[in-house]
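# A structural walkthrough
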Amino acid sequence: MSAQTANDTTVKASAASNRTGYRSFTLGSFNFSRDEYFAHITWPAKGQTMTHTASADAFLRAIMRDVAWGFFYGWVNLDDVIGTRNLYGQVELFAGRYNPAYSTKGLDLTETFDTPAIMATFKAMLDDWTNEGFDPFASPDETGKSWVGSKNGHNRGAIDRERQACKRMPGLPGDAELRRDSNGYPVNRAFADVSQDEPEIHAEPGFENEVHAMSLFAYLSRSDVTWNPSVSSVCGRSLCCPTTEEYILPIKHGNDRVEWFIQLSDELDWSIEDKQTGALRAKIKMKAGDVAAMPADIRHQGFSRKRSMLLVWENATPGLPEMYETGKLKPYPIEF
Ligand code: PHB
Ligand code: FE
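## Here's the deal with the pattern of salt bridges
- For the coordinates displayed, the defined rule picks out 21 salt bridges.
- Between Glu-246 and Arg-307 there is a salt bridge, and its shortest N-O distance comes to 2.9 Å. Linking Glu-246 in strand β12 (residues 238-248) with Arg-307 in strand β18 (residues 298-315), this pair joins segments that are 61 residues apart in sequence. Arg-307 shares its class with Glu-246; the two are buried.
- Here Asp-297 ties to Arg-281 by a salt bridge, and the two come within 3.3 Å at their closest N and O atoms. Here the residue Asp-297 occupies a position in the loop between β17 (291-294) and β18, and Arg-281 occupies one in strand β16 (residues 280-287), the gap between them amounting to 16 residues.

Here you go:
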């Protein structure tokens, strides 16, 4: 089932509930509410109200990624039932659409919103439902249990983190003060053994302001967030997006293009499912140095027992989703 909805950016929120203090939110025909432990999502289908329940911490971690990544490439499955699909300008919100238990019975719903409209509601929900002391970007070991219980304050410092943009490579003059040694991020407890040595640079005379090098391992060892690839270099349409991973990727990403993973340290397990149905297709264990191409027709979720370093390599060539959708490109990058 699919419907097109109105697109205004007014957030439709209830007054705080008397019992738990959280507000409820309406987006098109969907309703979102939370209580001490759970997020509840409802939608109409076949004359009835469908209900879905998710643990509030998992739901907030997932919504945090969807907001921070601007709905990302393709599909962001918040879990096996609810998620978003980026149409680049508009966003589909779906329930049960990619889960045959719902979709084959017509119990699913998809509605389309202008990106600013759905973004405003997701941000307001994230803000209201995140209590003081809970950081949806941190690993469970690093953040409190304050997500449990009635509404208690905010953690805007965590959820409003701005990506720092540099004008030049960190370390070069004019890099917008992104020098990691001067902005005070401590080495993460999981990376205490990572060398902080920086490479020696021998620039030809006259090129001292142009040539630079830095240790990406030392840089990543200071990352204070998990499962949050950041664009660290751009070469044409090729984006290098390193990230540090601990516990579970809070979303299942449904690819609309091929993406490559290079495991830089430690170990990461991936569960690979069919994008449309969620049927399991593969399990992958990636060790430091392993490289994998994730096809364009899958969804995937990562599991990292110890914080690890991963390089996500994205292809930002315009028009790629259409080329895969129409079969012009095969969903995998190489024919063996
Ligand atoms: C992905 O969906 O490819 C992805 C997302 C976040 C990560 C790593 C990989 O941290
Ligand atoms: Fe992905």
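## Re the site of ligand 1
- Close contacts around ligand 1 come from 15 residues, with Trp-227, Glu-245, His-253, Glu-259 and His-300 the closest.
- Between ligand 1 and His-253 there is a distance of 2.9 Å, counted from an oxygen atom to a side-chain nitrogen or oxygen.
- Measuring from an oxygen atom of ligand 1, one finds a side-chain N or O atom of His-300 at 3.2 Å.
- Taking 280 Å² as the accessible area of ligand 1 by itself, protein coverage stands at 100%.

## Describing helix α3 (residues 115-129)
- Taking 1.5 Å as the rise per residue, α3 with 15 residues should run 21 Å; its terminal C-alpha atoms sit 21 Å apart, in good agreement.
- Within α3 the residues assigned to the buried category are Ala-117, Ile-118, Met-119, Thr-121, Phe-122, Met-125, Leu-126, Asp-127, Asp-128 and Trp-129.

## Side note on unusual backbone geometry
- For Lys-46, which is not glycine, the phi dihedral falls at a positive 50°.
- Its location among the elements puts Lys-46 in the loop between β5 (38-45) and β6 (48-55).
- Backbone geometry places Phe-72, a non-glycine residue, at a positive phi of 60°.
- Its location among the elements puts Phe-72 in the loop between α1 (56-68) and β7 (75-77).
- A relative accessible area of 16% means that Phe-72 is categorised as buried.

## A short note on empty space enclosed by the protein
- For the coordinates displayed, the defined rule picks out 1 cavity of 30 Å³ or more.
- Along its surface, the largest cavity is lined by 17 residues, and Phe-72, Pro-229, Leu-249, Trp-270 and Val-312 are the ones closest to its centre.
- Secondary structure elements with two or more residues in the lining of the largest cavity: β12, β14 (259-263) and β18.
- The element best represented in the lining of the largest cavity is β18, accounting for 4 residues.
- When grouped by side-chain class, the residues that make up the lining of the largest cavity number 10 nonpolar, 4 polar and 3 charged.

## A word on the coordination of the iron ion (ligand 2)
- Every protein donor of the iron ion (ligand 2) is listed here as His-253 (ND1), Glu-259 (OE) and His-300 (NE2), and their distances to the metal cover 1.7 to 2.1 Å.
- For the iron ion (ligand 2), the single-chain donor residues occur in sequence as H-x5-E-x40-H. In this pair, His-253 sits in strand β13 (residues 252-254) while His-300 sits in strand β18, placing the two residues 47 residues apart along the sequence. Each member of the pair, His-253 as well as His-300, is classed as buried.

## What about the sheet that holds strand β2 (residues 12-13)?
- What the 5 strands build is an open sheet, ordered β2-β3-β4-β5-β6; its pairing is antiparallel. Each end of this open sheet is capped by a strand with a single partner; those strands are β2 and β6.
- Of the strand pairs in this sheet, β5 and β6 are connected by 8 bridges, and their pairing is antiparallel. By the bridge assignment for β6, Ile-41 is matched with His-52.
- Strands in contact with α1 are β4 (30-34), β5 and β6; relative to β6, the strand with the most contacts, it is inclined by about 90°.
- The strands that α3 touches are β3 (25-27), β4 and β5; relative to β3, the one it contacts most, it runs at about 165°.

## Here's the deal with the domain arrangement of the protein
- Domains assigned within the protein are domain 1 (12-136) and domain 2 (162-325).
- The gap between the C-alpha centroids of domain 1 and domain 2 is 27 Å.
- Listed as interface residues are 19 residues of domain 1 and, on the opposing side, 26 residues of domain 2.
- Where domain 1 abuts domain 2, roughly 1800 Å² becomes buried across the two surfaces, and 51% of that area is made up of carbon and sulfur atoms.
- Looking only at domain 1, the three residues that lose the most surface to domain 2 are Trp-69, Tyr-73 and Trp-75, adding up to 35% of its buried area.
- Note that Lys-252 and Asp-80 form a salt bridge whose closest N and O atoms lie 2.8 Å from each other.
- Counting across the interface, domain 1 meets domain 2 through 12 residue pairs in polar contact (both at pLDDT 80 or more).

## A look at the packing of α1 against α3
- Axis separation between α1 and α3 bottoms out at 10 Å; the angle between their running directions is 140°. In terms of their interaxial angle, α1 and α3 are classed as oblique. With respect to the hand of their crossing, α1 and α3 are arranged in left-handed fashion. Between α1 and α3, the contacting residues are Phe-59, Leu-60, Ile-63, Met-64, Asp-66 and Val-67 on the first element and Met-119, Phe-122, Lys-123, Met-125, Leu-126 and Trp-129 on the second.
- Here the residues of the contact of α1 with α3 sort into 10 nonpolar, no polar and 2 charged.

Thresholds applied
Residues numbered from 1 in each chain as written. Chains lettered and ligands numbered in written order. Predicted model: local features only at pLDDT ≥ 70, side-chain atom pairs only at ≥ 80, totals over all residues. Heavy atoms only, no water. Salt bridge = Lys/Arg side-chain N within 4 Å of Asp/Glu carboxyl O. Helix = DSSP H or I, 4+ residues; strand = E, 2+ residues; numbered from the N terminus. Buried < 20%, exposed > 50% of the residue type's maximum accessible area, 1.4 Å probe, protein only. Near = heavy atom within 4 Å. Polar contact = N/O pair within 3.5 Å; in protein donor to acceptor, adjacent residues only side chain to side chain. Areas by Shrake-Rupley, 256 points an atom, 1.4 Å probe, with all protein chains shown as cover. Expected span 1.5 Å × (residues − 1). 1 Å grid on protein atoms, 1.4 Å probe; cavity = no way out; pocket = protein on both sides within 12 Å on 5 of 7 lines; lining within 4 Å. Points joined across faces, edges and corners; volume = space filled by probe spheres on them. Nonpolar A, V, L, I, M, F, W, Y, C, P; charged D, E, K, R; others polar. Donors = N, O, S within 2.8 Å, 3.2 Å for Na, K, Ca; no water. Pairing = 2+ DSSP bridges. Contact = heavy atoms within 4.5 Å. Axes fitted to C-alpha atoms, helices over the stretch in contact; angles between N-to-C directions. Domains from an automatic or database assignment. Buried area = accessible area lost by both parts, 1.4 Å probe. Parallel < 35°, antiparallel > 145°, perpendicular 65-115°, else oblique. Left-handed = near helix turned anticlockwise from the far one by under 90°.

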